[in-house]
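Analysis of the macromolecular model
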Amino acid sequence: MAVEGCALIGDANSDLRMARAAGVPVVLGYRAGWRRPVALDGSFLQLDHWRELAVVPGNAAVPPNGSSATGMVAPRE
């Protein structure tokens, strides 16, 4: 699979930065994987719960901040 078709949801800054460096187009931080929310690099979109993200194959993404990426939709409240 080409990197352009990939996404990464990570709970560590090293994961997020590695994905960005590799050219992964969708990189999201997940803060709720630990007892206390981790301090992730603020330059990445971040999720606090999986319900903030819905995957819709073939559609454009609308992460919580409204920017676009391929293959995912974050529901709006």
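Please read all numbers here as calculations on a predicted model, not as lab measurements.

A look at the packing of aromatic side chains
One pass over the structure, following the stated rule, counts one aromatic pair. Between Arg 20 and the ring centre of Phe 44, over which it is positioned, the NZ or CZ distance is 3.8 Å.

Here we look at the sheet that holds strand β1 (residues 7–10)
An order of β1-β2-β3 is seen for the three strands of this open sheet, with the pairing classed as parallel. Edge strands, defined here as strands with exactly one partner in the open sheet, are β1 and β3 (45–47). When the angles between neighbouring strand axes are averaged without regard to direction, this sheet yields 30 degrees. Pairing geometry for strand β2 (residues 26–30) and β3, over three bridges, is parallel. Across the sheet, the residue bridging to Leu 28 is Leu 45, located in β3. The sheet contacts of helix α1 (residues 13–22) involve β1 and β2, and relative to β1 the element is tilted by about 165 degrees.

What counts and what doesn't
- Along each chain, the written sequence defines residue order, and numbers are assigned to residues from 1.
- Thresholds applied to this predicted model are a pLDDT of at least 70 for local features of residues and 80 or more for the giving and counting of side-chain atom pairs; totals over whole chains, interfaces and linings are not thresholded and use all residues.
- To obtain the side-chain values, all non-hydrogen atoms of the structure were used and water was disregarded.
- Aromatic pairs are defined between Phe, Tyr and Trp rings, using the six-membered ring for Trp, whenever the two ring centres lie within 6.5 Å; interplanar angles under 30 degrees are classed as stacked, those over 60 as edge-to-face, and all others as tilted.
- Only lysine NZ and arginine CZ atoms are considered, and such an atom sits over a ring when it is within 6 Å of the ring centre and within 35 degrees of the ring normal.
- Pairing between strands requires that DSSP locate at least two bridges from one strand to the other.
- Under the DSSP-based scheme used, a helix requires at least four consecutive residues in state H or I and a strand at least two consecutive residues in state E, with every element numbered from the N terminus.
- Axis definition: a line fitted to C-alpha atoms, over the contacting stretch in the case of helices. Angles run 0 to 180 degrees between N-to-C directions.
- In this analysis, two residues are considered to be in contact whenever any of their non-hydrogen atoms come within 4.5 Å of each other.

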